Amino acid sequence: MPRSDQSVRSAPWYAQGLRFRCTQCGNCCTGPTGFVWFDMDELTAMAEHVGLPATTFLRRHARKIDGRWSLNERQVNGQYDCVFLQRDDEGKALCTIYPVRPAQCRTWPFWPENLETADDWFDAAKTCPGIRTGLEGGGDFIPLKHIRIQRDRTPS
Ligand code: SF4
């Protein structure tokens, strides 16, 4: 849905910035089944990163839904992990394509639906300890400009 002029002009509730720091829990890379959308530039980068031709990458690691490509999932302990999620010995999440991860992953948690209202941000904190850390005054200060950049890069 296109944003209205009003929503662009008026100061958002997070105008003073937000605090956040990822704890590498991996919650945003697992959970109920879902989609990690990517475009063809992102495909090229991911395929190069894992040393595969793009067609092979798509066949092995992706699926097409309604004309769009999403990364595959792997069922682990009743949850659906991103196919590129691994965990170290301490249970920390490791993204094996981190430098070339799609915009959908880069922009979390500054997605429009998490930022619409402060309540939406609090809701997102229920599954993202990085947001919770910020709400408790820890983590890194993220200024409005940076939040807006992430928000507006989120694929719809
Ligand atoms: S859910 Fe939040 S804290 Fe956990 S890995 Fe994702 S961004 Fe980091």
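Structure: see above.
Before going into details, it helps to say that this report is about the structure given with it. Since we're looking at a predicted model, the values are computed, not measured. (Residues numbered from 1 in each chain as written. Predicted model: local features only at pLDDT ≥ 70, side-chain atom pairs only at ≥ 80, totals over all residues. Heavy atoms only, no water.)

## Some points on the site of the ligand
- Residues in contact with the ligand amount to 13 residues; listed here are only the nearest, Cys 22, Cys 25, Gly 26, Cys 28 and Cys 128.
- Among the residues forming the shell around the ligand, the class breakdown is seven nonpolar, six polar and no charged. (Near = heavy atom within 4 Å. Nonpolar A, V, L, I, M, F, W, Y, C, P; charged D, E, K, R; others polar.)

## Re the nonpolar core
- Phe 38, Met 46, Phe 57, Leu 71, Phe 84 and Ile 97 are the most contacted members of the largest nonpolar core, which totals 17 residues.
- Mapped onto this core, the elements with two or more residues apiece are α2 (40-50) and α3 (54-61).
- Here the element with the most residues in this core is α2; it accounts for three residues.
- Once residues within four sequence positions are removed from consideration, Met 46 is found in contact with Phe 38, Phe 57, Leu 71, Ile 97, Val 100 and Pro 102.
- Among the nonpolar cores identified, the runner-up in size contains 15 residues, and Tyr 14, Leu 18, Ile 142 and Ile 147 belong to it. (Core = buried A, V, L, I, M, F, W, Y, C linked by side-chain atoms within 4.5 Å. Buried < 20%, exposed > 50% of the residue type's maximum accessible area, 1.4 Å probe, protein only. Helix = DSSP H or I, 4+ residues; strand = E, 2+ residues; numbered from the N terminus. Contact = heavy atoms within 4.5 Å.)

## Quick look at the pattern of salt bridges
- Across all of its chains, the model carries four salt bridges by this definition.
- With its nearest N and O atoms 2.8 Å apart, the salt bridge here joins Asp 140 to Arg 21. Of this pair, Asp 140 sits in strand β9 (residues 140-142) while Arg 21 sits in the loop between β1 (18-20) and β2 (37-38); the two residues are 119 residues apart in sequence, bridging distant segments of the chain.
- Given a relative accessible area of 42%, Arg 21 falls into the partly exposed group.
- For Lys 126, the salt bridge goes to Asp 123, with nearest N and O atoms at 2.9 Å.
- Accessibility expressed as a relative area gives 63% for Lys 126, which makes it exposed. (Salt bridge = Lys/Arg side-chain N within 4 Å of Asp/Glu carboxyl O.)

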